[in-house]
Structure formats: structure tokens, C-alpha cells
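Single-letter residue listing:
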Protein chains: 4
Amino acid sequence: MRWDDTTGSRPAVSGTIDSAALQLYAFFVHKLPVGILGASGYAGRELCALLGAHPGLELAFAAANERRGETVRIGGRSITFVAPDDAPLGDAALIFSALPHGVSGAWTDRARSAGAKVVDLSNDLRPGSSDRGVPYGLPELTREQVRGADIVANPGCYPTLVLLALAPLLREGLIAPGGTVTIAAASGVTGAGFTARHDLLFGEVTEDFRAYAAGNTHRHLAEMRAMVATFGADVDLIFTPHLLPVARGILATITVPLLHPLASALGPWEAMYAGEPFVEVSAELPSLRDVVRRNVARISATAAAGTRTPTLVVVCALDNLVKGAAGQAIQNANLQLGLAEPAGLPG
Amino acid sequence: MRWDDTTGSRPAVSGTIDSAALQLYAFFVHKLPVGILGASGYAGRELCALLGAHPGLELAFAAANERRGETVRIGGRSITFVAPDDAPLGDAALIFSALPHGVSGAWTDRARSAGAKVVDLSNDLRPGSSDRGVPYGLPELTREQVRGADIVANPGCYPTLVLLALAPLLREGLIAPGGTVTIAAASGVTGAGFTARHDLLFGEVTEDFRAYAAGNTHRHLAEMRAMVATFGADVDLIFTPHLLPVARGILATITVPLLHPLASALGPWEAMYAGEPFVEVSAELPSLRDVVRRNVARISATAAAGTRTPTLVVVCALDNLVKGAAGQAIQNANLQLGLAEPAGLPG
Amino acid sequence: MRWDDTTGSRPAVSGTIDSAALQLYAFFVHKLPVGILGASGYAGRELCALLGAHPGLELAFAAANERRGETVRIGGRSITFVAPDDAPLGDAALIFSALPHGVSGAWTDRARSAGAKVVDLSNDLRPGSSDRGVPYGLPELTREQVRGADIVANPGCYPTLVLLALAPLLREGLIAPGGTVTIAAASGVTGAGFTARHDLLFGEVTEDFRAYAAGNTHRHLAEMRAMVATFGADVDLIFTPHLLPVARGILATITVPLLHPLASALGPWEAMYAGEPFVEVSAELPSLRDVVRRNVARISATAAAGTRTPTLVVVCALDNLVKGAAGQAIQNANLQLGLAEPAGLPG
Amino acid sequence: MRWDDTTGSRPAVSGTIDSAALQLYAFFVHKLPVGILGASGYAGRELCALLGAHPGLELAFAAANERRGETVRIGGRSITFVAPDDAPLGDAALIFSALPHGVSGAWTDRARSAGAKVVDLSNDLRPGSSDRGVPYGLPELTREQVRGADIVANPGCYPTLVLLALAPLLREGLIAPGGTVTIAAASGVTGAGFTARHDLLFGEVTEDFRAYAAGNTHRHLAEMRAMVATFGADVDLIFTPHLLPVARGILATITVPLLHPLASALGPWEAMYAGEPFVEVSAELPSLRDVVRRNVARISATAAAGTRTPTLVVVCALDNLVKGAAGQAIQNANLQLGLAEPAGLPG
């Protein structure tokens, strides 16, 4: 059923012909039913929207406990939320769980028992939070573990951002041993979830900007550290997130002490991500505008002038709801179900 | 003429009584005339607004070449711009130059020749750009050089932010020698000036966020380095600014490798800035909202958890148009003219 | 130079001399203690901020039930909320109630019983909601009823906006009898209060704009109609409010069929508001930027071209938290307590 | 499952099957080459983005005089602008002109001479500006004139908004004769074009809202009046546009005096637009969020309570760059070239 099987090559991600080919496939082939648990949050609604345009998957149910029975318009379509307990788990080939951390784990077990494959968007099964060894769904790093897997832990948005930015340096051992990697990241408000909190009101966020969880206290740091450790790197991470007055998009500016100066600042990224449909490497600094509503991470790297320690400044941006959540979840689901990896994803 | 002379103590900055005392002073005492060159830009207009409420200074002229003859409303008052060549330089006790870099220097000479004291808001006379040795107007560090001075180089907004944040560590030699200090800073769009550029249009900036001048290429870096050097510190600076979708405010998140862990993360700042009217030190992380429209820098510091190198994360915020430009310029002017340092400044 | 009302003359609202005179007064004269009920909402916090700069009033208590015991920073000062039941009502010369509609009325009775004068910012005592005949606190229309009054109903923000815009036409009988006055108004999100609602989250409001309460279903309409009726006008009102992606400010565009064309479109406003410190009449169309953080309404009027019915388009803007709530409340309090009407208000 | 127009039935606009059918068509059928003049503005770039996903059209050239030679990224693709004089006009089956008013007309003649069909997005050929009788491209009103036409005048964004909202009432003669129809409209900043003007800078627009062209002085009014006149309606129009702090989207709130009360407020719209793929009629008030990035107008209507004259409040929203410009231009091009009307358009 994998339409790119015969050549083994990865399909180009964009361009009308490939897109048409995907649609053609969908037109003749039975679509696979998938379900969503936690469908009313930002990630859940983004899943609904993206699945509405997917050529090989169709929505079997969208469950949301507090808003069960409600009908909402998402991307021009109407979707009625069911209660999770009423969701026909067994009808789905794969279930996305966008439930809150702590709640999601148990539901992924129920989904597996019902025979569905699972993509868990919470951090319950991720490295740093769980030692169950569930494959980590960052396909650019872990594609072969995800392909065909029954259950996948979908990475957090910040870990996706930071790991895609650092992986080429980690893989080639280019970071100065014992050095400190400094990560200043900023996120749009949807990163905090669809939660009615006073501090997320428009009147509080507009014209503001703030750091939070300074001093390495953000929950996602354990996940980053666990993944960095898999490369055998001996580095300190300093991670400081900030809240931006924008709806969506995250951007990290990462300062890395190098073992030695690089011949080409972009070289490691160009080498590792050549042919990757969802990573763009560019000499131009990325901005949120370049990536929102797209399933891509966009990365640039610049050597810092006037320092004694050779230092690289790496900037990476992606849409926290797409490549940082729902888009990546579908990228994983495609791999788990044997579909073309880029199927249904906005490149 | 210094109304706090008799006690030698610095007046408290806020509270109705002190404010009333300042007004009382203004009511009975002749106000000193001041002029503005470059009055139509963001800093120039902020100067107009702040001077409108100053108890000891009054606006003699506001010059703006391209908009000469135009009348604008600023803070509820009408101001008509004159051509710089028509400005009565000799009538002013002090002239603020908010002219562009490269243009300002020559005008400050003209102003001095006409007998006026000068605050130059451009970088023409600042350390890193000039070796004329003009006093650097960051009163919390250089108060005694500014007091009574004929001409002062008003710092850039980013250098004010970074130097106020780092000075306590620099002064006490707490930064690990040879270490790398990483500065991720973000600025509202008024930091780019009142310039009709496509990339500053609302339609381009809203919902966006981007780094610029990555790799230590920002013009303000020389100024920061020159001032850091005055402390004898042996450090690399990595400075990466970002453009925020807000009108005003700048915030820096600075990561500093320490010589040794600190007993109290806030200790150095509390010690150095005790009694300073325009620096707030707080365990709570500062946000733009805390500082906009006020002449204050607000600083927090947190020890990073889980690192081998003892590392501090320092966050500092201020309003780029007030403490980062016009407010600080008035703070300097007050010192130059023998007025109370906080006179007319929103604390 | 007289600031008080013994001469019957209204002091000029801005300019350093008058402001200094007010401060001088405050410096020598005992300040009157005032209290706030419902101090943690947007209007309550604005009251706290404005009172911090008032020359004749000082805050005796700020009560907020849900946040009792919390200390917040407002305008550079720290304020600790008390429980309303613990508030020393009897210590205050005047109490502002910014409690919710339905709750406020009973508390104003308690405040009166304790001997305090009252400004009620809820709609519990306003025309259209109550027939108690409490003076309506729109000083430009009802100054003499407010002066010295024990209790005043502070108008809603939309009624303030619309009534100040329409009063000159109503007073002179210039609106075509039986005609329809169409009001399209738009408000920043603080108009909806400091309420943790999903639809007020930044992620929902940014880049959006919507009408609400279309078809004359907004609660403030009764208040407008009751006040319009006091002029004996025979008109239909169509009022459609909209939600703007801004924090503060409201603007109404009002279309009025005239009895006959006007010699001067601005004439009626210039005549009625000459000398009013807090109403600005201008040929230039007002914008939110002209009025935010100021206690002013700014009004323009333009004759519509190319219509058979002579029609006027009146545009009015004000800050919903200042002239639309807290600022106007202080304006009323000043009149009730015999202080200068503009005391402590940003013109 | 038929997508084309041979049966006279209109295809459903959304849903995966139809979308797949369109893609299938594109996959097997030769795409028609189209060109863009004025490709670097907001409408031009939106055309580039939409054409990138069109199953039956492909971009032959994108001309932009001032930015000729520049390569830009639009929707994940790279496009290099050519000079208009170098554009191969004769290679295109159809040319979109998004050139400025006054300039566009002459270029549409050149395009026609080269044998291409034309959609002119300027107002040079529209009713109210031109008496050449060029078909007006508002397909929901003028579909049969557009089908197969050589040249079409694409409506302005405000006229599209207002005419779609009013047409059902106009067609059925439901507006009170001699009555005044009041239109308060608001537009995101892209409506003002990609022009480096001081008043469109982020720092000026954020947190602001203002009316402009009050008193019926907006250029689009002639176009609206000319089209309203085609229905034989005897009404005054009062049109007041406003500038919103959002990037895209326009919304009009229209107050209409009725000949008599309606049995159903939505009735006329439901009757006229049943089956229209790009008009949504809903009891729920539309918001910008419902329509941005989609080629739809969304309309609601509510009877006003408490008035003597029966009055309807009609609210209509659409994306000024899609249904208000580029999307509608493609809708027209599809009809001119014999393609399925909804081909390539986001429903």
C-alpha cells in the first residue's frame, strides 16, 4: 500500500504533480479511519483540520470530554465531538491522543487494547518521562523506529525545535565537550494550550513578552536531555522559553561552542537534511512567517564574529501546532500505517 | 538649585508627596528651556511627551527637518516642528539630539558652540564608535561623570539593557574568566525607528518573530564590548537581537557562566542597585508589561538547575523609548543641569 | 490660577501650571481617603492606578473577594487586596464600587450606611436598569446633579461614548424626527472584563474582529435609550457592538439623519463642548491612539456626500477604562467631594 | 462526481472527493499557463500562492517592475519576478493584472492584443469608473456574463462584501424605498496594499482603530452605487470604512430599513445563495477568523429589536485577499477558461 515502495526513494514534498499523485491515490484507495482523543484543544483541532485534507486517512471520531455533543466548524467542515467513553476505539486503524499529560497514558493503553495503533501527543511516553522505550516520533532522527510501529511518542514542540537544530552537530561530535549550549526559545500562546487562564487573555498578552521557567525548570528539558544523551554528547543545556504575543509558531536561538571552526556554517545541516521533505536549511534567518501553517522546520546557522571560542548561532523555527504537534503526529501516523510519509501534510 | 542638596539623600522616585514636591519646585522656580533636534522620530516624540510633564524643563523648540512646519499632537499637546537650521540653539540651556547616527555628531558641535549643554542620543559619541571620551550617560554606572557634564553620550537601548543586567557581576568579578556570555534580546518595532520600511509594516510584523544580525553583527555590540572592557572582564559576548510584534519594550535573557555558585542569585543586583530609583530587582521574572511607559529597568536572576558549570540566567526588561532612550536622556539632562535626577520621569 | 470651583470657572485641564497648582494643593491639604470594591478587575485596577497620582484622594482600601490577600503591582506601586467584608467602609469619604452588575447595588447600600459617598460603576443604579433616580454621572451632561451628590451611577462605556457624541444634536433637536440613528461601535477586550473566558484568549482574539449582540440585544442599549429619551427625541437607535483585537479603547461611528443640513458639521459640538476639559472636537477623525490612557472623548462629524437625506457621520473615541469607567468615576468623585473636577485625571 | 459544467450542476465546493477529483483532472490534463502583472503586492502574491495549488492553471510568469529580478518564497515555492516589459504576454492563456489603478488599464489592452484573456483587479474597468461595459466579475451575481468572457473587471473587496450582503434584499425589492442603508466596514491593513507608508507601520497600527474616508468619500462607493443601481433600488448609501489592527479580513455591518418585516431574517440569503459554493449563510454572526485564507463570504442577518421602522442588521465577512481579490480573480478565470468554477480555491 506504500505508493513509493517500488523505488525506495522519498517523494518530493511539494509541487502540484506530487500533490495530485497523492490525491489520485486517495481517490482510488480506501481511506483508513483514524480517531482523535482530546480533539477540542489546539492540537486536537489542528489534527481535525489537517485530516480533513488527508488523501489516505479519514476521521472516524473526534472525542472531547468537556465539549461532548458540541458541533464546531474546523477548516470549513463541521465536526461533532463525542465523549471519549463513547468513542468507537475499535473502528480506528490509528488513534491520536491529544489528551493532557498524566491522562493520556491510560487512554493509549485502551486504544491499543481495542486494536488501534497509537500516536500519543502527550509527554507520558516520551524519553525523560517514561522508560517504556516507546519509539520517539521525530522521523528525521528516528524514521526507522517509527515505520510500522504500533505506538509512537510524538515529541514536544520545543524538543522538536531544539533537536532538529542540534542533531547535525551532535551526530558529528562538533560541540565542544563539556560546553554549554544556550537555548533561548519563544512560543506563541497556543503552545500553552486552549486553557481559560487569566494570564493568557488577549488583554494581558498583547504588547507583552516575558521569559518563563527560567533556570532550567521547563518540563520539556528532560525530554531534550534524554535525546541529546542518545548521541553521547557531554554538554550542559540552558533552556529559557519565552511567551510571544502571537497565536502560533516557535523559534529558538541556540548558541553552541564548537570543537573547532566549521568550513561552512550550514554544512552539517545541509548534509544531514538533504532530501528531507520537512526541514529547510537556509542562509537567511528563519522567521515564524516562513513556517506557520506548514509542516516544516526551517534552520539557519551563523558563525559568531569576534569570539575566542568558535561559536555557532543556530536559529530554528516551526509551527508548534503543525511540525511541533499535529503535523508531526500525522507524519508519524503515515509511517506507522505504511502511507507515504508526506501524505496530507502542508509542505 | 538642586532641591535635594541639603540632605544629600536621593529622593524616593514615586509616591505622591515626592511628586508633589517636584511640582511645587516647578511652580515657584523658573523652568530651564531645552530643545530637541530630530523631534519627529520615536525617541524625539517621546522626549516631547516626557518634557510636557517635566517640572523643571520646558520645550524651547522641537526641530525635524522633513516635517518642518507640521503640527502634531503629542500627549494632549500640540507641537509645531521647526527646521533645524531655524532652531534657536542659543536659547536652550540643553539640547537633545535624536538625529540619525552620522548626522548627529556635527549638530552636537553646533549646539555646544551656541552655548547649550548636549545629550546626544545617537551612537556618534559613544564608546565603541568614538574615542573622544565623552561621558557615557548610564547614570547607574557613571553618575559622577554625568553630573554637570557639558555633553553626554546617551547609551543605546540594548547596551542599557545588557550593561545594567551585567554590571553587578562584572563589578564583583563573578563571571568565569574566558567564559561566554550569551545574550538573546528582543525589541519592539519602535526600536527600528520611525522609518517607512516594507518589513516594518503591520501586515509583515503581526504574528511574526525573527532574529536579526545573528553572529555578532549588530552595531550596538561594539558599545557593549567597550563598556564591558572598562570592568576588565575577560569574556566573549554573543549577542542575538530579535524583532517582536509589539510597539515598545525590550527584554534580554542573558546566560552567564559563573566563577562559583552564588549564595543568593539576586544578591549582586540587590547590593549594587539598592536605593537606585530606576532599577527594580525582583525574584519574579520581568515582562515588558512591567516596564513600558516607565523609566525603569527591571531585573531578575535565577541559577540554572542541572548544569556542571554554575550558570546564571539573568532577565532584564525596559522600555526602549524611555529608560532605553528619551527617559534616560532626561535623567542625564537632570544631572547635567543640577536638577533632581528623577525629576519629570515616570517611575 | 484658581483651581477650585468657588468662582464657578472651570480650570484649564492641562498645562504644567494648573497641574502644578493641583499638586501644590495636595501637598498642603489633607487627602481624602477613598475605597474600592471590586478592585481586581480592569476598571478596579485602573482606579488604583489613577488614584496613585491623585493630588486630593488617597486609597484607604482596595477590596477584591477572590484575590483577597494577594499583593499586585499597579503603576509601580504595590497594593494588597482585602476581602470586601474586612474593608473599613466607614473610613472612606467615598467608595467606588466596581463590583459586577447585580452584586454592586447591595454593597452601595452598605457603603452609604457606613457614611461614605458612592460612585457605582455597575449598571445597577443607572437609568434603564433602575428607577431610583440616582444622578447619572456623565458630567458634561449632568454636572449639576453630580456636584455634591451622595451617590452617583457611573455610566457604561458605550453609553458615555454614544451620549457624548449625540448630545449636541439631541439638545438642539437636529435629528430628523422618526429617523433611525445607526451606531456601529467597537471595543477593546478589556471592555469584556478580566474574565478567564476561552473566547477572550489571545489565541482566539488576535487577527479576529466580530460583531456581537447584533439586532439591538446589548445590555447597554436600555441605558442609552433612557438618556436619549430625556432629550425628548423621537428616534430609533440601532446599536451594533464589535470586539476589537486591542486591549483598550472604544470607537463609535454613528450615522444620523438630520432635520436639515448644518452650516458647520462640527458646529453643535464646538458650541456645546467649548471649555469642557475632557471633550475634544476635531475635524480630524479620532482614533483609539488619540485617547488611550487619557480621560477624554474625542469627536468628529462629517456631512455625508451624495445622499438625499441630509446625513451626518459622527465618530467618537475614548478609553473604555478611563473616560469610559475609572477616569469618569474619579471625575464624578471630584465633583461629589468638592474637589476640582479635573484633579488627578490625565487630560 | 462530475466536476465540470457540462451538466449545468455546480460541484460541491469542499470535501476530499471533489478535491481529489480536481487533482485527478490536473494530473491527466494539460494545465493552462497564466501570467500575473503586479505580482509583488499583496493581491499579486496571494495569486502566486493560490495558483501554486491550482489543478488546471500554472504560472507562466510573475511580473513586478520595482522588484524585477528578485526571488521570493511564496507558500513554500520560489518565484522570480520579471520586468513587465519582459513578460511573455503571448504565452499566457489568461493574465491577471494586479497593477495599480490608473496603470492597469493600458496593460490589460496589451495583454488582450497579445491574445490573452484578462482579469483586471484594478478599478480601471469597473462600473463607476469605466463605461466600457466590461463584465463585472462577481460570479454569484453575474456568472453568465463572466463565463467565457475575454476580459473581466474583478470587483473591489468592499464592493464584493457589500453587494453579496445586499443582493438578496435588492433582488427582491425588500429595502424601504428612499431609505438609508448604513454600512460600517472594517479592513485589515493588507487592504491598503503593500506600501511603505508611515501610517501603516506596526508601531502605528497596533492597538489602534480608526475610521477613514468618512462622509462617503471612499473610492469604492461609486462601484457599489453603480451596481446597486442595476437592481433599480432607490436608496441612500452611507459607507464608512475603518482600519483594523489585523493583517487580513474585512467585515461589514449593514443596517437596512425594510419595506416590511421578514418572516425569516435569513430567508432572502438562504434562497439566493442555496448551492453557492462560496457563500455561507448562518444564524451565527460571522467573524474574520471564519473566513481568512478561504474563498468565501459568510453572512448573517438579524432583525433589530425595539424599532418602529422594521430594520435588519446584516453582517458579512470575507478575506480581502481571497474572496475580495485573488481568490475571486481565479474564480472568474476558471469561468472564463471553461474550468470548474471552484477549481483551486480554498472553500
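Our structure's up above, just so we're on the same page.
Residues numbered from 1 in each chain as written. Chains lettered and ligands numbered in written order. Predicted model: local features only at pLDDT ≥ 70, side-chain atom pairs only at ≥ 80, totals over all residues. Heavy atoms only, no water.

K.L.:
Residues and numbers for the pattern of salt bridges, please.
P.N.:
Summed over all chains, the structure comprises 92 salt bridges over all chains. For A:Arg248, the salt bridge is made with A:Asp319, and the minimal N-O distance between the two is 2.9 Å. With a gap of 71 residues between them, A:Arg248 in the loop between strand S10 (236-243) and strand S11 (250-257) and A:Asp319 in the loop between strand S14 (311-318) and helix H10 (322-337) connect regions that are remote in the sequence. Both residues of the pair, A:Arg248 and A:Asp319, belong to the buried class. Via salt bridges that share partners, A:Arg73, D:Glu280, D:Glu284, D:Asp290, D:Arg294 and D:Arg298 belong to a single interconnected network. (Salt bridge = Lys/Arg side-chain N within 4 Å of Asp/Glu carboxyl O. Helix = DSSP H or I, 4+ residues; strand = E, 2+ residues; numbered from the N terminus. Buried < 20%, exposed > 50% of the residue type's maximum accessible area, 1.4 Å probe, protein only.)

K.L.:
Account for the interface of chain B and chain A, naming residues and giving values.
P.N.:
Taken together, the contact pairs 51 residues of chain B with 51 residues of chain A. Note on chain B versus chain A: buried area summed over both sides is about 3800 Å², and carbon and sulfur give 53% of it. Where chain B meets chain A, there are six salt bridges. Here A:Arg308 makes a salt bridge to B:Asp236, at a shortest N to O gap of 3.3 Å. Summed over the shared surface of chain B and chain A, the result is 34 residue pairs in polar contact (both at pLDDT 80 or more). Residue assignment for the side of chain B that touches chain A shows that the elements contributing at least two residues are strand S8 (180-187), helix H6 (202-205), strand S9 (210-211), strand S10 (236-243), strand S11 (250-257), helix H9 (288-291), strand S13 (297-303) and strand S14 (311-318) of chain B. (Contact = heavy atoms within 4.5 Å. Buried area = accessible area lost by both parts, 1.4 Å probe. Polar contact = N/O pair within 3.5 Å; in protein donor to acceptor, adjacent residues only side chain to side chain.)

K.L.:
Any chance you could break down the relation of the copies chain B and chain A for me, citing the residues and the numbers?
P.N.:
For the pair chain B and chain A, the superposition axis carries a translation of 0.0 Å, the fit reaches an RMSD of 0.0 Å, and the rotation angle comes to 180°. Taken together, the rotation and translation describe the operation of a two-fold axis. Interface residue correspondence from chain B to chain A reaches 100%, placing this contact among same-surface, isologous pairings. (Least-squares fit on C-alpha atoms with pLDDT ≥ 70 in both.)

K.L.:
Go over the sheet that holds strand S12 (residues 279-281) of chain A with me, naming the residues and quoting the values.
P.N.:
Residues and elements named next belong to chain A. One open sheet accounts for seven strands, arranged S9-S10-S8-S11-S14-S13-S12; its pairing is mixed. The open sheet is flanked by strand S9 (210-211) and S12, the only strands paired with a single partner. Pairing geometry for S12 and strand S13 (residues 297-303), over three bridges, is parallel. Within the sheet, the bridge partner assigned to Glu280 lies in S13 and is Arg298. Sheet strands in contact with helix H5 (residues 157-171) are strand S8 (180-187), S10, S11, S13 and S14, and its direction is about 35° off that of S11. Against the sheet, helix H7 (residues 221-229) engages S8 and S10, with an angle of about 145° to S10. (Pairing = 2+ DSSP bridges. Axes fitted to C-alpha atoms, helices over the stretch in contact; angles between N-to-C directions.)

K.L.:
How would you sum up H10(A)? Please name residues and give values.
P.N.:
Residue and element names in this part refer to chain A. Across its 16 residues, H10 extends only 19 Å between first and last C-alpha, which sits more than 12% below the 22 Å expected from 1.5 Å per residue. The largest bend along H10 reaches roughly 45° and is located at Gln328. Judged by how many residues are buried, H10 sits mostly within the fold: 16 of 16 residues are covered. (Expected span 1.5 Å × (residues − 1). Bend = angle between axes of the 7 residues up to and from the residue.)

K.L.:
Summarise the pairing of strand S1 (residues 32-37) of chain B; cite the residues concerned and give the values.
P.N.:
Residues and elements named next belong to chain B. Burial of S1 is extensive: five of the six residues sit out of reach of the surface. Two elements, S1 and strand S2 (residues 57-63), share six bridges in a ladder whose sense is parallel. Within S2, the residue paired with Val34 across the bridge is Leu59. Examined bridge by bridge, S1 and strand S5 (residues 94-97) share four bridges and lie parallel to one another. Each residue of the ladder has a partner; that of Ile36, found in S5, is Phe96.

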